[in-house]
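Inside the fold
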Amino acid sequence: MTATTTAPVATPPVPATRPPSARLRAWATRAPLLPALIFMIVVTQLPFVATLVISFFDWNSLYPDARHFTGLGNYQEVLTDADLRHSVWTTVLLTVAVVLASLVLGLVLALLLDRRFRGRGFVRTLLIAPFLVVPVAAALLWKHVLYNPEYGLLNGLLHYVGGPQPDWISNTPLLAVEASLVWQWTPFMMLILLAGLQSRDQEQIEAARVDGASDWQIFVHLTLPHLRRYLELGALLGSIYIVQNFDAVFTITSGGLGTANLPYTVYQSFYQAHENGLASAAGVLVVIGSIVIATFALRVVSSLFREEVSRA
């Protein structure tokens, strides 16, 4: 018995087609985003580069011929000048006070809205409303409707009960600015913390109740650890805004009475003193501080996303 072998059937050669490279496919995917990227660079990055360059010059717009390169002199003046140092301290104090107060109030409101009651949707809408008000309009509302010593609502209530009639802005200027910002940013903190409360593991909470844990024990040992990332996110996002806040300071006190923060000082140096270099240096420091805070905020957001993905 002999083995028979069959010759392999020759297949016609397939014309070789060169697939597009991975780099070409990546560029094709990103191409629709290029116009938006170019627009963002032109609108944001080029002005920042110009500001950075100007910050190295001693440049007063009233004396353009006396412009000269000064290196880090403007930054040294920002960090050593007494008025500018005070504006930095005011910025820190304003940011810390507003963020902490709005976080505490936002947590209380979020805990209340996490319970079921009739009209909860309507109440939630009312509580969100302050965050939707234009910042300048909110500052004008507090300055004239609430703080005015003659016809303001606060003094009207005090007059009704026979109380004193203080000039709120003159007596407590920084507190007046802080109160308006807390009123506007508490709803933002409330929404973030309410989202955190509604993402809790209800089975774990029910198991704790079955084991005899009180509401306070559940809040301290389960709710607060779960809300840690959300508290950090609210604090960081709020800090990014408050560090750059200009509307409330400009509208309520015009930077007077020790309320001038760093953004208002930048405005004052540029538009009133015409010190372009000094104002640019202060502005660069504000941007650097905002970038540092935003970096931590992005890390917190990415960790939240990772936790949600792992939970799913």
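Residues numbered from 1 in each chain as written. Predicted model: local features only at pLDDT ≥ 70, side-chain atom pairs only at ≥ 80, totals over all residues. Heavy atoms only, no water.

Focus: the overall build of the protein
Along its length, the protein carries 14 helices and two strands. Relative to the globule expectation of 20 Å for 312 residues, the C-alpha radius of gyration of the protein, 29 Å, shows a markedly less compact shape. Over its C-alpha atoms, taken along the principal directions, the protein stretches across nearly 125 × 75 × 30 Å. Across the 312 residues of the protein, 33% fall into the buried class. Carbon and sulfur atoms make up 68% of the accessible area of the protein, which totals about 19700 Å². Charged side chains in the protein number 19 positive and 19 negative. The centres of these two groups are separated by 15 Å. (Helix = DSSP H or I, 4+ residues; strand = E, 2+ residues; numbered from the N terminus. Rg over C-alpha atoms; globule rule 2.2 N^0.38 Å. Buried < 20%, exposed > 50% of the residue type's maximum accessible area, 1.4 Å probe, protein only. Areas by Shrake-Rupley, 256 points an atom, 1.4 Å probe, with all protein chains shown as cover. Lys, Arg positive; Asp, Glu negative; His and termini not counted. Charge placed at Lys NZ, Arg CZ, Asp CG, Glu CD.)

A word on the UniProt feature "transmembrane region" (unreviewed entry) in the protein
The feature "transmembrane region" (unreviewed entry), as annotated in UniProt, sits at residues 33-57, 88-113, 125-145, 174-197, 233-257 and 277-301 in this numbering. Taken end to end, residues 88-113 has its terminal C-alpha atoms 37 Å apart, with 100% of it in helix and 0% in strand. Within residues 125-145, the helical portion is 90% and the strand portion 0%, while the C-alpha atoms at the span's ends are 22 Å from each other. (UniProt positions renumbered as here; feature names shortened; annotations may be inferred.)

Brief notes about the packing of helix H6 (residues 135-146) against helix H9 (residues 173-198)
Direction vectors running N to C along H6 and H9 enclose 130 degrees, while the axes themselves pass 10 Å from each other. Comparing the axis directions of H6 and H9 gives the class oblique. In the crossing of H6 with H9, the sense of the turn from one axis to the other is right-handed. Taken together, the residues of H9 that come into contact with H6 (itself represented by Pro 135, Ala 138, Leu 141 and Trp 142) are Ala 179, Ser 180, Trp 183 and Gln 184. Across the contact of H6 with H9, the residue classes tally to six nonpolar, two polar and no charged. (Axes fitted to C-alpha atoms, helices over the stretch in contact; angles between N-to-C directions. Parallel < 35°, antiparallel > 145°, perpendicular 65-115°, else oblique. Left-handed = near helix turned anticlockwise from the far one by under 90°. Contact = heavy atoms within 4.5 Å. Nonpolar A, V, L, I, M, F, W, Y, C, P; charged D, E, K, R; others polar.)

Here we look at the nonpolar core
With 53 residues, the main nonpolar core has Val 78, Leu 94, Val 98, Ala 110, Val 177, Leu 181 and Ile 242 as its most contacted residues. When contributions to this core are tallied by element, the ones reaching two or more residues are helix H3 (73-80), helix H4 (82-113), H6, H9, helix H11 (215-243), helix H12 (247-253), helix H13 (262-272) and helix H14 (276-311). Sorting elements by how many residues they give to this core places H9 first, with 13 residues. Residues within four places of Leu 94 in sequence aside, it is in contact with Leu 174, Val 177, Glu 178, Leu 181, Ile 242, Val 249 and Asn 261. (Core = buried A, V, L, I, M, F, W, Y, C linked by side-chain atoms within 4.5 Å.)

Details of the pattern of salt bridges
Following the criterion strictly, the structure yields four salt bridges and no others. With a shortest N-O distance of 2.7 Å, Asp 215 and Arg 209 are connected by a salt bridge. With a relative accessible area of 42%, Arg 209 lands in the partly exposed category. Here the salt bridges do not stand alone but share partners, grouping Arg 228, Arg 229 and Glu 232 into one network. (Salt bridge = Lys/Arg side-chain N within 4 Å of Asp/Glu carboxyl O.)

Some points on helix H5 (residues 120-132)
Under the 1.5 Å per step criterion, the end-to-end length of H5 is 19 Å for 13 residues, consistent within 8% with the ideal 18 Å. Within H5, burial applies to Arg 120, Ile 128 and Pro 130. In this structure, the buried side of H5 is in contact with H4 and H9. (Expected span 1.5 Å × (residues − 1).)

Things to note about the packing of aromatic side chains
This model, assessed by the stated rule, comprises 16 aromatic pairs. Just above the ring of Trp 59 sits the side chain of Arg 67; from NZ or CZ to the centre is 4.6 Å. (Phe/Tyr/Trp six-rings, centres within 6.5 Å; stacked < 30°, edge-to-face > 60°. Lys NZ or Arg CZ within 6 Å of the ring centre and 35° of its normal.)

As for unusual backbone geometry
Look at Ser 254: it is not a glycine, yet its phi comes out positive at around 55 degrees. Inspection of the secondary structure puts Ser 254 in the loop between H12 and H13. Among the residues examined, Ser 254 registers a relative accessible area of 41% and is labelled partly exposed. Here Leu 257, not a glycine, exhibits a phi torsion of approximately 60 degrees, which is positive. Assignment of secondary structure puts Leu 257 in the loop between H12 and H13. Taking the relative accessible area as the measure of exposure, Leu 257 reaches 55% and is therefore exposed.

Thoughts on the environment of Leu 33
Here Leu 33 is to be found in the loop between helix H1 (22-30) and helix H2 (34-54). For Leu 33, a relative accessible area of 59% translates into the label exposed. Put simply, Leu 33 and Thr 90 are 57 residues apart on the chain and 40 Å apart in space, counted from C-alpha to C-alpha.

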